[in-house]
Amino acid sequence: MQTSKVQIVENILSANDRIAEENQKALNSLGVTCMNIMASPGAGKTSVILKTIQHLAPKFRIAVIEGDTAPVTIDADKVSELDVPVTQINTAGNCHLDAMMVQKGIQHLDLQGIDLLIIENVGNLVCPASFRLGEHFNVVIASIPEGDDKPYKYPGIYQGIDALILNKSDLLPYIDFNQKYFRMGIQALNPGIPTFLLSCKTGEGFDSWIEWLSDRFAEK
Ligand code: MG
Ligand code: ZN
């Protein structure tokens, strides 16, 4: 019985990967680079996205797909206030985005002339790591209040990603967060990964984050 369950999961994932590949082809034909952002709820995904857009615009044109488990448009509303095309995918309680949902999002957005499509995945440190969406690169946002033990407890999410943001650096004076311990855990899972200590409140770290991110466009 256990083998058939594993088989089913493998079939779902390979079907997902096929659609993810289609998504990437569609994005490539439009010249759009796509970044998938994963994090736990409350890590500051939306805040980082908003500040990132403020840094990149008007030089680059950005669009956003917001993944949410509930049909509330809180995050999408904030993004659209910046005059950025945004579409919200309501996963109806599902705890991750899959390639099929993102395909609908891509079809819904006018991506002509867009340089960067940002996907805000559902807040979750487990399954988003297993579902490719068609993105060109993956970023995880960790944050100081989550604690320094997350790489040890949720190793899967930190493997194979392209950059790591450690957000809410302004809270370091108030929280026992051992950066050395945290970074040791990350290094074991993803050696040499570019890591950015950021604060959306003070703006710390954004210059180097934006520089790294902009280089991802130049590569294309
Ligand atoms: Mg959010
Ligand atoms: Zn899930």
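Residues numbered from 1 in each chain as written. Chains lettered and ligands numbered in written order. Predicted model: local features only at pLDDT ≥ 70, side-chain atom pairs only at ≥ 80, totals over all residues. Heavy atoms only, no water.

### Looking at the overall build of the chain
And step 1. Secondary structure assignment for the chain yields eight helices and seven strands.
And step 2. Taking 220 residues into account, the globule formula puts the C-alpha radius of gyration at 17 Å, and the chain, at 17 Å, falls close to it.
And step 3. In terms of overall dimensions, the chain has C-alpha extents of about 50 × 45 × 35 Å along its principal axes.
And step 4. Looking at the 220 residues of the chain, the share that counts as buried comes to 49%.
And step 5. Long-range contacts, defined as pairs at least 24 residues apart, comprise 74% of the intrachain contacts of the chain with a sequence gap of at least 6.
And step 6. Accessible surface, the chain as shown: approximately 10,700 Å² in total, 53% of it carbon and sulfur.
And step 7. Of the charged side chains in the chain, 18 are positive and 26 negative, and the gap between their average positions amounts to 3 Å. (Helix = DSSP H or I, 4+ residues; strand = E, 2+ residues; numbered from the N terminus. Rg over C-alpha atoms; globule rule 2.2 N^0.38 Å. Buried < 20%, exposed > 50% of the residue type's maximum accessible area, 1.4 Å probe, protein only. Contact = heavy atoms within 4.5 Å. Areas by Shrake-Rupley, 256 points an atom, 1.4 Å probe, with all protein chains shown as cover. Lys, Arg positive; Asp, Glu negative; His and termini not counted. Charge placed at Lys NZ, Arg CZ, Asp CG, Glu CD.)

### Details of the sheet that holds strand β5 (residues 137-143)
In a beta sheet, neighbouring strands pair by backbone hydrogen bonds and run either parallel or antiparallel.
And step 1. On the basis of which strands lie adjacent, the open sheet formed by seven strands has the order β3-β2-β4-β1-β5-β6-β7 and parallel pairing. The sheet is open, and its two edges are formed by β3 (86-90) and β7 (195-197), each paired on a single side. Within the sheet, the average angular offset between the axes of one strand and its neighbour, ignoring direction, is 20 degrees.
And step 2. By the bridge criterion, three bridges tie strand β6 (residues 163-167) to β7 in an arrangement that is parallel. Each residue of the ladder has a partner; that of Leu164, found in β7, is Thr195.
And step 3. With respect to the sheet, helix α4 (residues 99-108) is in contact with β2 (62-68), β3 and β4 (116-120), its orientation differing from that of β3 by roughly 150 degrees.
And step 4. Contacting β5, β6 and β7, helix α7 (residues 179-189) crosses the sheet at an angle of about 160 degrees to β6. (Pairing = 2+ DSSP bridges. Axes fitted to C-alpha atoms, helices over the stretch in contact; angles between N-to-C directions.)

### A few points about the pattern of salt bridges
And step 1. Taken as a whole, this structure holds three salt bridges when the rule is applied.
And step 2. Among the salt bridges present, the one from Lys150 reaches Asp149, with a minimum N-O distance of 2.8 Å.
And step 3. By relative accessible area, Lys150 is classed as buried at 15%.
And step 4. Judged by relative accessible area, Asp149 falls into the partly exposed class, the value being 22%.
And step 5. The partner of Asp149 in a salt bridge is Lys153, and the shortest N-O contact between them spans 3.4 Å.
And step 6. One salt-bridge network, held together by shared partners, links Asp149, Lys150 and Lys153. (Salt bridge = Lys/Arg side-chain N within 4 Å of Asp/Glu carboxyl O.)

### Focus on the coordination of the zinc ion (ligand 2)
And step 1. Taken together, Cys95 (SG), His96 (ND1) and Cys127 (SG) make up the protein donors of the zinc ion (ligand 2), found 2.0 to 2.2 Å from the metal.
And step 2. The motif formed by the donor residues of the zinc ion (ligand 2), counted along the single chain, is C-H-x30-C. Taken together, the residues Cys95 in the loop between β3 and α4 and Cys127 in the loop between β4 and β5 connect sequence positions 32 residues apart.
And step 3. Classification of Cys95 as partly exposed rests on a relative accessible area of 32%. (Donors = N, O, S within 2.8 Å, 3.2 Å for Na, K, Ca; no water.)

### So, α7
And step 1. Looking at α7, one finds that the buried residues are Phe182, Gly185 and Ile186. All buried residues of α7 fall inside an arc of 95 degrees around its axis, so they share one side. Seen from the open side of α7, the exposed residues pointing more than 90 degrees away from its buried face are Lys180, Met184 and Ala188.
And step 2. Each element contacted by the buried residues of α7 is listed here: β5, α5 (150-153), α6 (155-158) and β6.
And step 3. The residue sitting at the N-terminus of α7 and contributing the capping side-chain oxygen is Asn178; that oxygen lies 3.0 Å from the backbone nitrogen of Lys180. (Arc of directions from axis to C-beta. Polar contact = N/O pair within 3.5 Å; in protein donor to acceptor, adjacent residues only side chain to side chain.)

### Some points on the side chain of Asn16
And step 1. Residue position: Asn16 is located in helix α1 (residues 2-30).
And step 2. Assessed through its relative accessible area of 5%, Asn16 is described here as buried.
And step 3. Separated by 2.8 Å, the side chain of Asn16 and the backbone oxygen of Arg132 make a polar contact.
And step 4. Those residues in contact with Asn16, other than ones at most four positions away along the chain, are Asp98, Ala99, Phe131 and Arg132.

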